Amino acid sequence: MAQKGVQLDRETFSCSICLDLLKDPVTILCGHSYCMNCIKTYWDKEDDQKNLNSCPQCRQTFTLRPVLLKSTMLADLVEELKKTGLQAAPTDHCYAGPEVVACDLCTGRKLKAVKSCLQCLASYCDKHLQPHYESHAFGKHKLVDPCKSLQEIICSGHDEVMKMFCRTDQQCICYLCSVEEHKGHDTVLAAAERTERQRELEGSRQQIQQRIQDREKDVKVLQQEVEALNHSAEKTVEDSEKIFTELIRVIEKRSSEVKQQIRSQQETEVSRIKELQEKLEQEITELKRKDAELKQLSLTEDDNQFLHNYPSVSQLSESTDTSSIDIHPLRDFKDVTAAVSEFRDQQQDILRQTETNISSLVTPLDFSDPEPKTRAGFLKYSRDNTLDPNTAQKNVFLSEGNKKVTVMRQQQSYSSHRDRFTSWFQVLSRESLTGRCYWEVEWRGTGVYVAVAYKNISRMGHGDECVFGFNDKSWALKCFQNNYKFWFNNIKTPVSGPPSSRIGVYLDHRAGILSFYSVSDTMTLLHRVQTTFTQPLYAGLRLLDYGVTADFGKLS
């Protein structure tokens, strides 16, 4: 309790401006006491602003600045308090830093302000704020959270608080502005405008909160999708491994059976050949013996004896009919090798088709933006395509790293390949196209078809099933001199647009969008397809005549 009393005395004899024990204490006419230097400094500031002298605590004003005389009794009491050693300073966290609103009445090291007064246009720490709570003179003053920009609410033209709002000019004004510069404007009290804006703000917040709820639901749904996708993927991987393991087992079993059949046939054929060989060797021995007898008979000098022995010696014993013997048995198993090779090719075709089908089924979800509007936007999806030599018709010459194609009169020495176009001057890209892709084709000459096609488009012959755009496995834009035509499934669609030697192609495989653009200083849409792609696509080029060139243009 004694400590509490000392603390009360220390607070009682502290200056309400510097919050320290009084130094050279003086008492002004209203009865409040301050450090002589603190009250002088405070009044000097007031003189600069409003030419007033008031008490910082009760706000009583004095027409003439009071004469300040040191209070000897207070000075002696303060000295006694100092001797007790109980003087304390506020903790560091109570002082105002550079980013914190400071108390306007504190001198020296300023304390943090806890409130700002819109009437006084000043900010106060806890100590200096007390008069606003204790004196009726401050009853109508409006206190707000500490504010650094109090001067901003003062009208620079009239030195009045801006309590009004001009809706015409959308700015805060004072009441004098409303009858002068803003006369005739739609003006209201700032508080009324605040109420209206607050209502709008609450409406915006409700919309935002609703959107947050919607997005949170979407996130939850996506999370569920991820969990379901992970579960499905794990199950599919497990099932696929079982299926492929079983398939490998079947192939290994078939391989073992083929091997056994070959060995069995080998053993049968070898046994048959050896048996035939033994028979033939026996016959050779018999024939040699008979030849010796005939030779001996031919040397007989006595004619009677020769004629007597001839009938018995000249007769040959029965021998195997060589015409019924297969002198040329099975020499090798080329037919078996061919059959196995054919089986391998069939399985590879099936695996490629399966890979294509699986790829189209597991294409990643695409939550990206809609189709771009500028070339820079398209270039974000650029693809570096190259041409596949195994698909090029033999008059089609590839150069520049298989990026440029030219139709030559002399056929190229390409090897035979089942993917090669045999008749039309066509070629496909090596890379498949899925997801979102963009590429450009630069062409010169009579004309060119810029196309996309499925891998299983026909390659052999002159039929429509082989021509880009003349079947349901390819889509093609014909660029011919100064006009365009779009072809799909042998249906022609006229296309209008500015002529250009550079054509841009945009593909969103999952969304089923295929767009062709004329590329110059600007991008002009020529034709757009909206469909469903069931397989990965490949970029294609068909050139119309000898000397025509086209290449996948550099994207920059």
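Residues numbered from 1 in each chain as written. Predicted model: local features only at pLDDT ≥ 70, side-chain atom pairs only at ≥ 80, totals over all residues. Heavy atoms only, no water.

## A closer look at the pattern of salt bridges
The full count for this structure, using the stated rule, is 24 salt bridges. The salt bridge involving D20 is made with K23; its shortest N-O contact spans 3.2 Å. A salt bridge links R444 to E442, with the nearest nitrogen and oxygen atoms 3.2 Å apart. Taken together, the shared-partner salt bridges in this structure form one network comprising R375, E440, E442, R444 and R502. (Salt bridge = Lys/Arg side-chain N within 4 Å of Asp/Glu carboxyl O.)

## Points about the environment of L555
In this structure, L555 sits in the segment after β21 (549-552). Through-space distance from the C-alpha of L555 to that of D384 is 8.6 Å; in sequence the pair is 171 residues apart. Among all residues touching L555, those that are not within four sequence positions of it are R375, L379, S382, R383, Y438, W439 and E440. (Helix = DSSP H or I, 4+ residues; strand = E, 2+ residues; numbered from the N terminus. Contact = heavy atoms within 4.5 Å.)

## Looking at the packing of aromatic side chains
The relative placement of two aromatic rings is captured by the distance of their centres and the angle of their planes. With the rule as written, the count across this model stands at 12 aromatic pairs. Every member of this aromatic cluster is reached through a ring pair, and the members are F378, Y381, Y438, Y506 and Y517. Taking the ring centre of Y381 as reference, the NZ or CZ of R436 above it sits at 4.3 Å. Looking at K478, its charged tip hangs above the ring of F480, at a distance of 5.0 Å from the centre. (Phe/Tyr/Trp six-rings, centres within 6.5 Å; stacked < 30°, edge-to-face > 60°. Lys NZ or Arg CZ within 6 Å of the ring centre and 35° of its normal.)

## Focus: the layout of surface pockets
Space inside the largest pocket adds up to approximately 1,700 Å³. L118, Q119, L121, I153 and V161 are, among the 44 residues lining the largest pocket, the residues nearest its centre. Broken down by secondary-structure element, the contributors of at least two residues to the lining of the largest pocket are α2 (36-49), β4 (122-124) and α6 (190-298). Of the residues forming the lining of the largest pocket, the biggest block, five residues, is contributed by α2. The class makeup of the residues in the lining of the largest pocket is 23 nonpolar, nine polar and 12 charged. (1 Å grid on protein atoms, 1.4 Å probe; cavity = no way out; pocket = protein on both sides within 12 Å on 5 of 7 lines; lining within 4 Å. Points joined across faces, edges and corners; volume = space filled by probe spheres on them. Nonpolar A, V, L, I, M, F, W, Y, C, P; charged D, E, K, R; others polar.)

## A short note on the confidence of the model for the protein chain
Within the protein chain, residue pLDDT values average 85, and 89% of them lie at 70 or more. Per-residue pLDDT stays below 50 along residues 1-8; that stretch engages in two contacts with residues further than four places along the chain or on separate chains. (pLDDT = per-residue confidence, 0-100.)

## Overview of the pairing of strand β9 (residues 396-399)
Regular strands have side chains that alternate between both faces of the sheet. Where β9 meets strand β10 (residues 404-407), four bridges bridge the pair, whose relative direction is antiparallel. By the bridge assignment, L398 is partnered in β10 with V405. Hairpin remark: β9 followed by β10, antiparallel, with four residues in the connecting loop; positive phi at E400, about 50°. (Pairing = 2+ DSSP bridges.)

## A word on the sheet that holds strand β17 (residues 502-508)
Strand pairs in the sheet, formed through backbone hydrogen bonds, run parallel or antiparallel to each other. Strand order in the open sheet formed by seven strands is β9-β10-β21-β12-β17-β18-β19, with antiparallel pairing between adjacent strands. The open sheet has two free edges, formed respectively by β9 and β19 (523-530), since each of these has just one partner strand. The sheet shows a mean angle of 20° between the axes of neighbouring strands, taken without regard to direction. Relative to β19, strand β18 (residues 513-519) runs antiparallel, the two sharing seven bridges. For F516, the partnering residue across the bridge sits in β19 and is H527. (Axes fitted to C-alpha atoms, helices over the stretch in contact; angles between N-to-C directions.)

## Quick look at the state of the cysteines
The tally for this structure, following the rule as stated, stands at zero disulfides. No disulfide involves C103; its sulfur sits 3.7 Å from that of C106, the nearest cysteine. For C174, which is in no disulfide, the shortest distance to another cysteine sulfur is to C177 and amounts to 3.5 Å. (Disulfide = S-S within 2.5 Å.)

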